[in-house]
Amino acid sequence: MTTAVVLGLSVATLIVVLGAFIATTRQDRRVVPANGGLDFGSNDGPAFFDPRTIKVGDTVHIAGVRYKAMGALHLSWHGEQWTEHLLDDGTRRYQWLSVQERGERDEAVHLEVLLWTQVPAQGMVPAKSMLIMEGVEFFPTERGTVAFRAEGMTGLPDRGLLDFADYRANDGRLLSFQRVQGGQWVASYASPLTPGSIQVERLG
């Protein structure tokens with residue numbers, strides 16, 4: 001996810017980072033999870049922090065947990081572009097925060113903001129049909145390959161390609177498998193964030 005294999009990251013840490021990455025990537029981006037859209041198209045509501053402005057080095061507070069924004073991936077796929085931020089809570093437990101603008105022409109802009117958490121999936125390969133993860137049935141929504149450009153510390157090359165396979169459960173839960181081309185598949189669940197749940201400290 002970012003710079004050419006960040007200096008100082010051990011192999012074990014790289015594995016954790018890559019595992020933590022099952023992120024966002026496209027998660028059937030035609031469907032916005034419940035409470036997952038932040039509406040910045042209207043001036044009538046309260047002012048919430050805009051997660052599109054998160055930068056590498058920021059301290060990010062999400063639902064009472066303090067994270068450091070270590071790096072970012074800038075991704076593109078079929079004309080869509082979005083950003084995923086690598087967050088570290090200080091215990092080397094990495095999560096990815098994905099931020100993508102959504103909205104057709106002449107419509108208010110919404111943000112799809114998801115926090116991704118890795119799930120054990122050792123040896124699993126994303127099927128093209130329904131699969132069961134921790135007793136829940138997930139059905140395929142999208143799969144393909146995205147291009148990325150890395151910034152900051154991510155443990156990934158400066159540029160590259162990521163394969164992904166996204167799934168959705170009947171209750172709306174999201175699951176995504178990802179791998180850097182040539183690597184192993186890792187999986188993550190997504191949790192949509194609501195307006196006001198993100199705050200940022202920034203120096204200068």
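Above this note sits the structure.
Residues numbered from 1 in each chain as written. Predicted model: local features only at pLDDT ≥ 70, side-chain atom pairs only at ≥ 80, totals over all residues. Heavy atoms only, no water.

Glancing now at the overall build of the chain. For the chain, the count of helices and strands is one helix and 12 strands. Here the chain holds 204 residues, and the buried ones make up 46% of them. Accessible surface computed for the chain: about 10,300 Å², of which carbon and sulfur atoms make up 52%. (Helix = DSSP H or I, 4+ residues; strand = E, 2+ residues; numbered from the N terminus. Buried < 20%, exposed > 50% of the residue type's maximum accessible area, 1.4 Å probe, protein only. Areas by Shrake-Rupley, 256 points an atom, 1.4 Å probe, with all protein chains shown as cover.)

Under the counting rule described, the total for this entry stands at six salt bridges. Residues Asp89 and Arg93 are paired through a salt bridge, measuring 3.0 Å at the closest nitrogen-oxygen approach. Classification of Asp89 by relative accessible area gives buried; the value is 19%. Connected through salt bridges with shared partners, the residues Asp50, Arg52 and Glu101 form a single ionic network. (Salt bridge = Lys/Arg side-chain N within 4 Å of Asp/Glu carboxyl O.)

To continue, consider the environment of Trp82. Here Trp82 lies in strand β4 (residues 80-88). The class for Trp82 is buried, based on a relative accessible area of 3%. Separated by 17 residues in the primary sequence, Trp82 and Val99 place their C-alpha atoms 6.1 Å from one another. A distance of 3.1 Å separates a polar atom in the side chain of Trp82 from a polar atom in the side chain of Glu84. (Polar contact = N/O pair within 3.5 Å; in protein donor to acceptor, adjacent residues only side chain to side chain.)

With that settled, the discussion passes to the nonpolar core. Of all hydrophobic cores here, the largest spans 17 residues; its most connected members are Leu73, Leu75, Val146, Phe148 and Leu162. Within the second largest apolar cluster, 14 residues are counted, among which are Met133, Ala169, Phe177 and Trp185. (Core = buried A, V, L, I, M, F, W, Y, C linked by side-chain atoms within 4.5 Å.)

Along the polypeptide, Thr91 turns up in the loop between β4 and β5 (94-102). With 24 residues separating them in the primary sequence, Thr91 and Tyr67 have C-alpha atoms 9.8 Å apart. In terms of polar contacts, Thr91 uses its side chain to reach the side chain of Asp89, at 2.6 Å.

For the rest of this paragraph, the subject is the pairing of strand β6 (residues 110-119). Taken residue by residue, a regular strand's side chains alternate between the two faces of the sheet. When you tally the buried positions in β6, you get seven out of 10 residues, the bulk of the element. Bridge analysis of β6 against strand β11 (residues 186-192) gives six bridges, and the strand direction is antiparallel. What sits directly across from Leu114, in β11, is Pro192. (Pairing = 2+ DSSP bridges.)

The next thing to look at is a nonpolar patch on the surface. On the surface, a nonpolar cluster with roughly 250 Å² of combined accessible area is contributed by Met130, Ile132 and Phe139. By secondary structure assignment, the location of Met130 is in the loop between β6 and β7 (131-133). Residue Met130 is classed as partly exposed on the basis of its relative accessible area of 33%. (Patch = residues over 30% accessible without salt bridge, like charges linked within 9 Å, V, L, I, M, F, W, Y side chains within 5 Å.)

A few words now on the packing of aromatic side chains. Within the structure shown, the criterion is met by three aromatic pairs. Centroid distance Trp77 to Phe164: 5.1 Å. Interplanar angle 90°. Geometry classified as edge-to-face. Linking Trp77 in strand β3 (residues 65-77) with Phe164 in strand β9 (residues 159-169), this pair joins segments that are 87 residues apart in sequence. Looking at Phe164, the relative accessible area reads 2%, which means it is buried. Ring plane angle 25° and centroid distance 6.0 Å describe the contact between Phe138 and Tyr189, whose orientation is recorded as stacked. Residue Phe138 is located in strand β8 (residues 136-152), and its partner Tyr189 is located in strand β11; the two are separated by 51 residues in the primary sequence. Residue classification places Phe138 among the buried positions, given a relative accessible area of 0%. (Phe/Tyr/Trp six-rings, centres within 6.5 Å; stacked < 30°, edge-to-face > 60°.)

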